[in-house]
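# A structural walkthrough
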Amino acid sequence: MKKLVKTNNQTYTQEEFQSALTVVIGNRILKPKVTANSYCIMIEYNVKNGRKLGRLRQVISKMNIQNFNGTMETYLYHVRE
């Protein structure tokens, strides 16, 4: 388990981010690939559209998460939107 970020005296792991950001669309389950460096967390979904494979990426600053006054679930809800 790779520790990604610490907020509100709680440390969140890569698996927790992947689980929280898993999306179900129709009969497909999209689980993101979550990677991190010392400054940011990158969330990447591989989405198949017909024959083409596309990627949806979002980069989140670790500083934003650490300074967010709320829970990880609330923050990730905003990321999904």
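Let me sum up the structure you'll find in this document. The shown structure was predicted, so the numbers you read here are calculated from the model rather than taken from an experiment. (Residues numbered from 1 in each chain as written. Predicted model: local features only at pLDDT ≥ 70, side-chain atom pairs only at ≥ 80, totals over all residues. Heavy atoms only, no water.)

### Considering the pattern of salt bridges
Counted according to the given criterion, the structure contains two salt bridges. Close ionic contact of Arg 55 with Glu 44 constitutes a salt bridge, the shortest N to O distance being 3.0 Å. You can see Arg 55 sitting in strand 7 (residues 52-61) and its partner Glu 44 sitting in strand 6 (residues 40-49), a full eleven residues away along the chain. Looking at Arg 55, the relative accessible area reads 55%, which means it is exposed. For the salt bridge of Glu 44 with Arg 57, the shortest nitrogen-to-oxygen distance reads 3.5 Å. Residue Glu 44 is found in strand 6, and its partner Arg 57 is found in strand 7; the two are separated by 13 residues along the sequence. The network of salt bridges with shared partners includes Glu 44, Arg 55 and Arg 57. (Salt bridge = Lys/Arg side-chain N within 4 Å of Asp/Glu carboxyl O. Helix = DSSP H or I, 4+ residues; strand = E, 2+ residues; numbered from the N terminus. Buried < 20%, exposed > 50% of the residue type's maximum accessible area, 1.4 Å probe, protein only.)

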